[in-house]
Amino acid sequence: MLGVALTLGTPALALACATCGCSLSSDAAMGYSAETGWRVSVDYTFINQNQLRAGRSSASASQAAAINDAGGAQEVENKTINRYTNLGISYTPTPEWNITATIPYIDRSHTTYGNAGTANLGADNLSGATSSGIGDIKLVTSYQGWLPTHNLGVQLGVKLPTGNYGGQNVVTGATVGRNPVFFSSGPNAAASQALDTSLQPGTGSTDLILGAYYYQPVSQDFDAFINGQYQFAIAHKLDQANADFRPGNQANISFGLRYEADPKLVPQLQINLTHKSADQGALADTANTAGTVAYLSPGATVEVASRLHVYGFVQKAFYSQLSGYQLFPRWSANIGASLAF
């Protein structure tokens with residue numbers, strides 16, 4: 001059954017990257033367990049958003065820039081590379097209860113043409129910024145005492161505004177928030193312009209996290225699982241006129257199969273579904289931040305030593321419905337390790 005080492009309660013990532021590949025279930029990757037004690041986990045996610053998409057199709061920079069030629073206002077983004085490292089510390093005092101703290105470190109580079117027209121999509125009009133640092137910490141409590149088998153659980157958690165966040169008042173240009181990142185190259189740097197609020201290390205919001213999971217053997221060698229989480233802001237520090245921001249609500253559902261004939265090597269296939277509503281406020285890119293995406297995620301978990309497991313997964317989207325124009329990854333990758341003691 002799903003009994004290898006797990007950091008219970010680790011939520012699926014919900015990061016400031018519009019609607020992108022941040023939905024892998026690390027819970028299912030490592031296997032659900034009711035084993036008591038402490039657990040430390042580390043995982044790394046690489047997401048290269050290098051494809052511009054609109055609706056269900058890819059789009060060119062010229063298509064987005066044509067909106068500006070016609071008198072509209074559309075940012076023409078070029079590329080965003082996200083590298084996320086998460087440290088998880090988990091304690092399970094009894095088989096029924098678990099609490100987990102997840103501390104993220106974010107390393108993000110972003111380039112954009114801004115509101116350029118089709119005649120201004122050259123390298124001279126490309127602006128760049130690098131955003132790195134501790135992100136927003138999550139605390140999640142899980143309860144799995146509903147059934148004697150402990151294979152049905154619920155989760156309640158909170159995301160705290162620990163990462164730097166902010167931007168500029170859209171009327172006065174005054175800097176708002178806590179140590180927001182500014183562009184370091186190109187026309188936006190020359191104009192002393194802050195990086196998009198949604199691309200800062202933190203969102204400035206306190207979010208509530210609700211979740212549930214269920215797993216069950218379906219044959220001698222196969223186990224099935226399903227889990228879901230919903231995250232939404234209940235307070236936001238960026239709340240002033242012309243300088244407010246609230247991240248969109250996000251729902252993640254994952255389900256799949258694990259092949260457990262050999263507990264030392266467990267292949268797995270996940271399907272991950274993500275729906276994100278649009279960011280809100282004067283500092284939000286409301287038209288270009290909502291969407292629904294479905295990913296196919298094959299991978300495997302390996303026991304490398306007693307109570308130490310590692311895993312690796314690749315995510316590939318097979319369906320997307322995005323609002324506006326958004327940068328999207330052709331693929332993303334996730335590796336992780338968990339040590340129980």
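The notes below deal with the structure included here.

## Focus on the overall build of the protein chain
Then, in step 1: Summing up its helical and strand segments, the protein chain has 3 helices and 17 strands in all.
Then, in step 2: A compact globule built from 341 residues should have a C-alpha radius of gyration of about 20 Å, and the protein chain, at 21 Å, falls within 12% of that.
Then, in step 3: Along the first, second and third principal axes, the C-alpha set of the protein chain runs to 60 × 35 × 30 Å.
Then, in step 4: When the 341 residues of the protein chain are sorted by exposure, 51% land in the buried category.
Then, in step 5: Of all intrachain contacts in the protein chain linking residues separated by at least 6 positions in sequence, the fraction that spans at least 24 positions is 70%.
Then, in step 6: Between the averaged position of the 17 positive side-chain charges in the protein chain and that of its 21 negative side-chain charges there is a distance of 1 Å.

## Describing the environment of Q74
Then, in step 1: Topologically, Q74 is positioned in the loop between α2 (61-69) and β3 (77-94).
Then, in step 2: At a separation of 3.5 Å, a polar atom in the side chain of Q74 contacts the side chain of N288.

## Quick look at a nonpolar patch on the surface
Then, in step 1: A surface patch of nonpolar side chains, about 730 Å² in accessible area, is lined by W146, L147, L152, V154, Y214, I226, I253, F255 and L273.
Then, in step 2: Counting only elements with at least two residues in the nonpolar patch, the list comes to β7 (152-159) and β14 (250-259).
Then, in step 3: Note that I253 resides in strand β14.

## Focus: the packing of aromatic side chains
Then, in step 1: For the structure on display, the rule yields 8 aromatic pairs.
Then, in step 2: Between the aromatic rings of Y295 and F328, the centroid separation amounts to 6.4 Å while the plane-to-plane angle is 10°, which identifies the pairing as stacked. Separated by 33 residues along the polypeptide, Y295 in strand β16 (residues 291-305) and F328 in strand β17 (residues 308-340) bring together distant segments of the chain. Here Y295 matches F328 in class, with each residue buried.
Then, in step 3: With a centroid separation of 5.9 Å and an interplanar angle of 65°, the aromatic rings of Y311 and F313 are classed as edge-to-face. Exposure class is identical for Y311 and F313. Each is buried.
Then, in step 4: Here a set of aromatic residues connected by ring pairs shows up, and it is made of W97, Y143 and W146.

## Points about the environment of R108
Then, in step 1: Mapped onto the fold, R108 is located in strand β4 (residues 97-112).
Then, in step 2: In this structure the C-alpha to C-alpha distance between R108 and Y84, which are 24 residues apart in sequence, comes to 8.3 Å.
Then, in step 3: Of the polar contacts made by the side chain of R108, one reaches the side chain of N82; its length is 2.7 Å.
Then, in step 4: Of the polar contacts made by the side chain of R108, one reaches the backbone oxygen of Q200; its length is 3.5 Å.

## Focus on the pairing of strand β11 (residues 222-236)
Then, in step 1: Pairing analysis gives 13 bridges linking strand β10 (residues 205-217) to β11, with the strands arranged antiparallel. Of the residues in β11, the one forming a bridge with Y215 is F225.
Then, in step 2: Hairpin connection from β10 to β11: 4 residues lie between these consecutive antiparallel strands.
Then, in step 3: Here β11 runs beside β14; their pairing, made up of 10 bridges, is antiparallel. Considered in β14, the bridge of A224 is made with L257.

## A word on unusual backbone geometry
Then, in step 1: One non-glycine residue, N179, lies in the positive phi region at around 50°.
Then, in step 2: Here N179 lies in the loop between β9 (175-178) and α3 (186-190).
Then, in step 3: Of the residues examined, N179 reaches a relative accessible area of 56% and is grouped as exposed.
Then, in step 4: At S192, a position not held by glycine, the phi torsion is positive, near 55°.

## A short note on the side chain of N98
Then, in step 1: Among the structural elements, N98 can be located in strand β4.
Then, in step 2: A relative accessible area of 2% means that N98 is categorised as buried.
Then, in step 3: Here S90 takes part through its side chain, which lies 2.6 Å from a polar atom of the side chain of N98.
Then, in step 4: A distance of 3.4 Å separates a polar atom in the side chain of N98 from the backbone oxygen of Y91.

## Remarks on the nonpolar core
Then, in step 1: Residues L52, A59, A64, A65, V76, Y113, A116, L121, Y325 and L327 constitute the largest nonpolar core, which totals 10 residues.
Then, in step 2: Secondary-structure elements contributing two or more residues to this core are α2 and β17.
Then, in step 3: The residues contacting A116, other than those within four sequence positions of it, are A65, N68, V76 and L121.
Then, in step 4: In terms of nonpolar packing, the next biggest core, distinct from the first, is built from 7 residues, Y165, V176, L238 and A243 among them.

## Regarding the pattern of salt bridges
Any two side chains of opposite charge can pair, on the condition that their charged atoms come close.
Then, in step 1: Inspection of the entire model under this criterion finds 5 salt bridges.
Then, in step 2: K276 is paired through a salt bridge with D279; the nearest N and O atoms lie 2.7 Å apart.

About the cut-offs
Residue numbering note: each chain is counted from 1, following its sequence as written. Only residues with pLDDT of 70 or above have their local features reported here, since the model is predicted, and side-chain atom pairs are shown and tallied only from 80 upward, although totals for entire chains, interfaces and linings are computed over all residues. Based on all heavy atoms of the structure, the side-chain values leave hydrogens and waters out of the count. A run of DSSP states H or I qualifies as a helix once it reaches four residues; a run of E qualifies as a strand once it reaches two. Both are numbered from the N-terminal end. The reference for a compact globule is 2.2 Å times residues^0.38; the radius of gyration itself is calculated from the C-alpha atoms. The cut-offs for exposure are 20% and 50% of the maximum accessible area for each residue type, with area from a 1.4 Å probe on protein chains only; residues under the lower value are buried, those over the upper are exposed, and the others partly exposed. By definition, residues are in contact when any of their heavy atoms lie within 4.5 Å. Only four residue types enter the charge count: Lys and Arg as positive, Asp and Glu as negative, with His and the chain ends excluded. A single reference atom marks each charge: NZ on Lys, CZ on Arg, CG on Asp, CD on Glu. Nitrogen and oxygen atoms within 3.5 Å of one another constitute a polar contact, given that in protein one can donate a hydrogen and the other can accept it, and given that sequence-neighbouring residues count only through two side-chain atoms. Within this analysis, patches are made of residues with over 30% relative accessible area and no salt bridge. Like charges are joined at 9 Å or less; nonpolar side chains (Val, Leu, Ile, Met, Phe, Trp, Tyr) at 5 Å or less. Each accessible area is a Shrake-Rupley result for a 1.4 Å probe, and residues are judged covered by the shown protein chains and nothing else. In the sections that follow, a salt bridge refers to a side-chain nitrogen of Lys or Arg positioned within 4 Å of a carboxyl oxygen of Asp or Glu. We call Phe, Tyr and Trp rings a pair once their centres come within 6.5 Å, taking the six-membered ring for Trp, and we label the pair stacked below 30 degrees between planes, edge-to-face above 60, and tilted otherwise. A pair of strands is labelled paired if DSSP reports no fewer than 2 bridges between them. Residues grouped as a nonpolar core are buried Ala, Val, Leu, Ile, Met, Phe, Trp, Tyr and Cys residues, joined through side-chain atoms within 4.5 Å.

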